[in-house]
Amino acid sequence: MNPERYNFRVIEEKWQNYWHINKTFKAEIIENKKKFYCLEMFPYPSGKIHMGHVRNYTIGDVLARYKSLQGYNVLHPMGWDSFGMPAENAARQNNLDPKEWTEKNISIMRGQLKKLGLSIDWDREISTCSVDYYKHQQQFFLELYDKGLVYRKESYVNWDPVDQTVLANEQVIDGKGWRSGTPVERKKLSQWFFNISKFSDDLLQGLDQLNEWPNKVKVMQKNWIGKSFGCEIEFKVEGNPEVKSISCFTTRPDTLFGFSFLAVSIDHPISKLYENNEDFIKFKDACSKTGTTEEAIAQAEKIGFKTNLIATNPLDETKKVSVYFANFVLMDYGFGAVFGCPAHDQRDLDFALKYNLNIISVVKPSNKGNDFKVLKDAYTGPGVIFNSKFLDGLKVPEQSILETIKILEKKKIGKKKINFRLKDWGVSRQRYWGCPIPIAYKKNNEIVKVPSENLPIKLPEKINLNTNGNPLEHEINWKKIIIDGEECTLETDTLDTFVDSSWYFLRFCSPQNKDVGFDLNEANYWMPVDQYIGGVEHAILHLLYSRFFTRALDHKIEKIKTKEPFKGLFTQGMVCHETYKDKNNKWLSPEEVFSENGKDFFSMKNKSEKIEVGPSESMSKSKKNTIDPEQMIKNYGADAVRLFILSDSPPEKDVQWSEQGMVASYKFIQKFWILHKKIILRSQQQNDVQTFSEAIEEFTNQIINKLNVSLNKFSYNVIIANLHEIYTFFNKTLEEKDLHENLISNYIKILTIMLPVTPHLASECLDEISIEKNYFWPKINDKYLQSSQCKIVVQINGKKRGLISTKKSIKESDLIEEIKKTKELQKFIEEKTIIKTIFIKDKLINLILK
């Protein structure tokens, strides 16, 4: 091997094999030893890792290795979120089996991740599509069902017409399916639900205990849970003897004098009065084009159906308004009814303008008079109540809401109430590739649990996926099951894949246990996860559902010692790359374009065709602005990739991909290898006199301290800068003539603290220079943390001209002499006279020259 070149292909393969064979990172329960559970995002096996994976897992690996070197018992596992529609779609399109397609992808991605040198305990690997995993999930489902936390009801759901499946509200983005991108529709189906709303207040209160979570994530969850304080009001209704009153919940009872219509859901009990009305039936069909999420409702055109019912204002019985069915009112919020105050709610205003209803302003800004009117934009800000008789003059909102509730309670037509935005979690999915729901139905459609002895309910294999709707509906033999001597029909819906990812962290504690999903003692040893690392896109979907699941289990089944699954949360930024389009507006990949000057880009196919360069955006397959990590590892080595992915910006910020940055990281590895070889040569030199270097001790202890601080703060980009500091210092040290007896001992410490970031390079260097096999994070000698050196800013006539390193408390006259001897500063003071100096001890000197 060329001693001046780091052959990363040979060296990295050597250490990957070593770590695997020797099971260096195997986790096990060790009493009386500090534990650390590190977990990154649960990956979907799409076939290839992407740069987002590289960044996420490198961040986690640095932390896991650091904690291991500190003596912690570290659990750092890996698994696969392997059920889901993409596998089913891919299998259907390519005439493949979803299981084979998924397992092949897992094998590929596992190999790619191993090349990164991750400190994964691969013995704990799990996959959610494995029967060994989902059989326990089926048992959990039945236990939660017994405790009333799972139920079935008919309700309107978000229906993805392309994927032909139900979507949870959280899976609808801007009114469209999160995977298909198609506008969702409203469809009434019988669905299975988890009673997550039972824990609304507990989930909300628990956020206050999560001191190691980013505030932005806690705010997102708080808003999603949506605790609102308001009033339940009963409105007298006339027009039909079967309807005496309609109740609704409102957060703004103080605007009752602006009441101009009462709107109810198409599923409200009064809808039975109109079930044979042809116009109402058409109206219901039109409502199905609107999704069930707040976003979809906000964007949709507001439409209504006027009934023959009249509602009375409870604060002014002389005021009566019409009752409408409206597409923006849902039955699962409040009582499925809202009172419309158009002047102070934009949704109500849009409806009122469409149907020419009264718009009565009852809240005015403090600086406006009683002639204030709302025209096109609802006023929702603070101010003063007016046009409201005995409520006039109340300040909004600090006085008006409470005072109005007191009046309504006194009249016994309203009462104070707390409501939550969080709805129960619909978990039924109309697809094959998911966990079967362990429920069956008798011939009279009565629900019956699948007995434990019949579990697991396995998915049928090699089925026909090219069917309309759910393929399991067509599996006649599979659906048949005998329970208590009676032939029943299995449920054909499968569970939402977010159920799979709501407890996988518990399975990692006992991945080989065939009897239970997790051993309680093992879970109580490892849980909670000390550090979870994942994108902010999981703030609601994954993290909120996981928080619910641990509560559901603790509340009803197992006594896990912690309700919160994730003690610490870190949300990493995205990896970004500029985008390219050809003249036909088609996306091009970086491999399909070239540039000679770094500014103008051209097509690789047609060298003369200029390419439009778009903004740098998060890497995505759809925009083709991705970089293949495996190719980068092949070209530059895993350590260089790890270095680059950590170096450009703080981990919580987006990182901009740069080929030049990748090359620079590769060159640094090569430079350090050359330095390493020089240090070995220096250590082999013989000399009767070897000096003890205080400077080496001081630098080493200070750099260890810096890394401690940066690692605990996730300032990983600063660590990369520290590695460059290390190179510069030791390279300069080797230029000294003296042989230092403490050079190698400190160099070993330096290599040890490099292990988390560049594990292959550091391991090879240590292997060449030390006989030790087990390394621990070096302790700091505090006496060296206070440096005897300082850097002083040198100004000439007020302009900064450089920095000079010197001993602390240096005299002004001695400092001036050092400046005169410094080559970089000599040119500024030659043939000039110092007429004045401004000197700040250990910080700055300003020389005024003539």
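**Q** Please explain the pairing of strand S29 (residues 575-581) as it appears in this structure.
**A** Note on strand geometry: in a regular strand, side chains alternate between the two faces of the sheet. Buried residues dominate S29, accounting for six of its seven residues. Where S29 and strand S33 (residues 610-618) come together, five bridges link them in antiparallel fashion. Paired with cysteine 576 across the bridge in S33 is serine 618. One ladder, built from two bridges, connects S29 with strand S30 (residues 587-588); its direction is antiparallel. Following the sheet pairing, lysine 581 is matched in S30 by tryptophan 587. The loop that links S29 with its antiparallel partner S30 comprises five residues; one of these, asparagine 585, has a positive phi angle of about 65°.

**Q** Hey, could you run me through the sheet that holds strand S36 (residues 799-807) in this one?
**A** Strands belonging to one sheet form pairs held by backbone hydrogen bonds; the direction of such a pair is parallel or antiparallel. Strands sit in the order S36-S35-S38-S37 across an open sheet of four strands; the sheet is mixed. Looking along the sheet, the strands with just one partner apiece sit at the ends: S36 and strand S37 (834-840). Each strand of the sheet is rotated relative to its neighbour by a mean of 20°, with strand direction disregarded. Bridging between S37 and strand S38 (residues 844-849) involves six bridges; their strand directions are antiparallel. Residue pairing for S38: isoleucine 838 is matched across the bridge by asparagine 846.

**Q** I would appreciate a short explanation of the packing of aromatic side chains in the present structure.
**A** Centre-to-centre distance and the angle between the planes together describe a pair of aromatic rings. Under the definition given, this model contains 65 aromatic pairs. Between phenylalanine 141 and tryptophan 192 the ring centres are 5.7 Å apart and the planes differ by 70°, which places this aromatic pair in the edge-to-face class. In this pair, phenylalanine 141 is assigned in helix H5 (residues 131-146) and tryptophan 192 in strand S9 (residues 185-194), connecting sequence segments 51 residues apart. On the basis of relative accessibility, which here comes to 2%, the residue phenylalanine 141 falls in the buried class. Their ring planes at 85° and their centres at 5.4 Å tell us that phenylalanine 729 and phenylalanine 730 sit as a pair that is edge-to-face.

**Q** In this structure, what is going on with the sheet that holds strand S20 (residues 425-426)? I would like to understand it.
**A** Spatial ordering of the open sheet is given by S6-S5-S9-S20, a layout of four strands whose pairing is antiparallel. Each edge of the open sheet is held by one strand with a lone partner, namely strand S6 (165-167) and S20. Inspection of the sheet shows strand S5 (residues 150-160) paired to S9 by 10 bridges, in the antiparallel sense. Each residue of the ladder has a partner; that of serine 155, found in S9, is leucine 189.

**Q** Would you explain helix H1 (residues 8-22) in this entry?
**A** Each α-helix turn comprises 3.6 residues. Residues three or four places apart therefore point the same way. With 15 residues, H1 ought to run about 21 Å at 1.5 Å a step, and its terminal C-alpha atoms sit 21 Å apart, in line with that. If you check which residues of H1 are buried, you get Phe8, Ile11, Glu12, Trp15, Gln16 and Trp19. Along the axis of H1, the buried positions cluster into a sector of 130°, meaning they face one direction only. Structurally, H1 contributes buried residues whose contacts are with helix H2 (51-69), helix H4 (98-115), helix H17 (629-636), helix H18 (638-647), helix H19 (659-684) and helix H23 (759-769). Positive phi shows up at lysine 23, right after H1, with a value of about 50°.

**Q** When you look at the pattern of salt bridges in this model, what are you seeing that I'm missing?
**A** Close approach of charged atoms allows side chains of opposite charge to pair. This structure, assessed with the given rule, holds 40 salt bridges. Here aspartate 254 ties to arginine 252 by a salt bridge, and the two come within 2.9 Å at their closest N and O atoms. Under the relative-accessibility criterion, arginine 252 is labelled partly exposed at 22%. A salt bridge links aspartate 496 to arginine 429; the nearest nitrogen and oxygen atoms lie 3.1 Å apart.

**Q** Teacher, can you tell me more about the environment of leucine 39 here?
**A** You can see leucine 39 is positioned in strand S1 (residues 35-40). Under the relative-accessibility criterion, leucine 39 is labelled buried at 1%. In this structure, the C-alpha to C-alpha distance between leucine 39 and proline 629, residues 590 residues apart in sequence, is 21 Å. Ignoring anything within four residues of it in the chain, the contact list for leucine 39 reads Pro77, Tyr504, Phe505, Phe508, Val529, Gln531, Tyr532, Ile533 and Phe566.

**Q** Please explain unusual backbone geometry as it appears in this structure.
**A** When glycine is set aside, most residues are seen to have a negative phi, and most peptide bonds are trans. The omega angle of the peptide bond from valine 396 to proline 397 is 5°, so this bond is cis rather than trans. Tracing the chain through its elements places proline 397 in the loop between strand S18 (395-396) and helix H11 (400-410). Note the cis peptide between methionine 527 and proline 528, where omega equals 0°. By the secondary structure assignment, proline 528 is in the loop between helix H15 (520-526) and strand S27 (531-533). With a phi close to 60°, lysine 412 is a non-glycine residue in the positive phi region. The residue lysine 412 is located in the loop between H11 and strand S19 (414-420) in this model.

**Q** Quick question: what am I supposed to make of the pairing of S36 here?
**A** Bridging between strand S35 (residues 789-796) and S36 involves eight bridges; their strand directions are antiparallel. Note that in S36 the partner of isoleucine 792 across the bridge is isoleucine 804.

**Q** Quick question: what am I supposed to make of empty space enclosed by the protein here?
**A** Scanning the entire structure with this criterion turns up one cavity of 30 Å³ or more. Quantified by volume, the largest cavity comes out at close to 40 Å³. Taken together, Leu39, Glu40, Met41, Phe42, Pro43, Tyr57, Pro77, Met78, Gly79, Tyr504 and Phe508 make up the full set of residues lining the largest cavity. In terms of residue class, the lining of the largest cavity is made up of nine nonpolar, one polar and one charged.

**Q** Sorry if this is basic, but what is going on with the nonpolar core here?
**A** If you look at soluble globular proteins, the nonpolar side chains tend to sit buried side by side. Among the nonpolar cores identified, the biggest contains 173 residues, and Tyr37, Phe672 and Phe730 are the most heavily contacted of them. The contact partners of phenylalanine 672, leaving out residues within four places of it in the chain, are Ile726, Tyr727, Tyr747, Leu751, Met754 and Leu761. With 39 residues, the next largest nonpolar core counts Ile233, Phe235, Ile303 and Leu408 among its residues.

**Q** Help me understand the packing of helix H3 (residues 85-94) against H4 in this model?
**A** Packed helices, taken two at a time, are described by the angle their axes make and the gap between the axes. The geometry of H3 relative to H4 is characterised by a closest axis approach of 9 Å and an angle of 115° between their N-to-C directions. When the interaxial angle is binned, H3 and H4 end up roughly perpendicular. For the crossing formed where H3 meets H4, the hand is right-handed. Judged by residue contacts, Pro86, Ala87, Ala90 and Ala91 of H3 engage Pro98, Trp101 and Thr102 from H4. In the contact of H3 with H4, the residues fall into six nonpolar, one polar and no charged.

**Q** Which parts of the structure should I look at to understand a nonpolar patch on the surface?
**A** Judged by side-chain polarity, Phe229, Leu402 and Ile418 come together as a nonpolar surface patch covering roughly 250 Å² of accessible area. Along the polypeptide, phenylalanine 229 turns up in strand S10 (residues 227-238). Judged by its relative accessible area of 35%, phenylalanine 229 is partly exposed.

**Q** Please explain the side chain of arginine 429 as it appears in this structure.
**A** Mapped onto the elements, arginine 429 comes out in strand S21 (residues 428-429). For arginine 429, the side chain forms a polar contact with the main-chain oxygen of glycine 426, separated by 3.2 Å. At a separation of 3.1 Å, a polar atom in the side chain of arginine 429 contacts the side chain of aspartate 496. Leave out the neighbours within four places in its chain, and arginine 429 touches Thr165, Val166, Leu167, Ala168, Gln171, Asn470, Asp493, Thr494, Leu495 and Asp496.

Thresholds, definitions, all that
Residues numbered from 1 in each chain as written. Predicted model: local features only at pLDDT ≥ 70, side-chain atom pairs only at ≥ 80, totals over all residues. Heavy atoms only, no water. Buried < 20%, exposed > 50% of the residue type's maximum accessible area, 1.4 Å probe, protein only. Helix = DSSP H or I, 4+ residues; strand = E, 2+ residues; numbered from the N terminus. Pairing = 2+ DSSP bridges. Axes fitted to C-alpha atoms, helices over the stretch in contact; angles between N-to-C directions. Phe/Tyr/Trp six-rings, centres within 6.5 Å; stacked < 30°, edge-to-face > 60°. Expected span 1.5 Å × (residues − 1). Arc of directions from axis to C-beta. Contact = heavy atoms within 4.5 Å. Salt bridge = Lys/Arg side-chain N within 4 Å of Asp/Glu carboxyl O. 1 Å grid on protein atoms, 1.4 Å probe; cavity = no way out; pocket = protein on both sides within 12 Å on 5 of 7 lines; lining within 4 Å. Points joined across faces, edges and corners; volume = space filled by probe spheres on them. Nonpolar A, V, L, I, M, F, W, Y, C, P; charged D, E, K, R; others polar. Core = buried A, V, L, I, M, F, W, Y, C linked by side-chain atoms within 4.5 Å. Parallel < 35°, antiparallel > 145°, perpendicular 65-115°, else oblique. Left-handed = near helix turned anticlockwise from the far one by under 90°. Patch = residues over 30% accessible without salt bridge, like charges linked within 9 Å, V, L, I, M, F, W, Y side chains within 5 Å. Areas by Shrake-Rupley, 256 points an atom, 1.4 Å probe, with all protein chains shown as cover. Polar contact = N/O pair within 3.5 Å; in protein donor to acceptor, adjacent residues only side chain to side chain.

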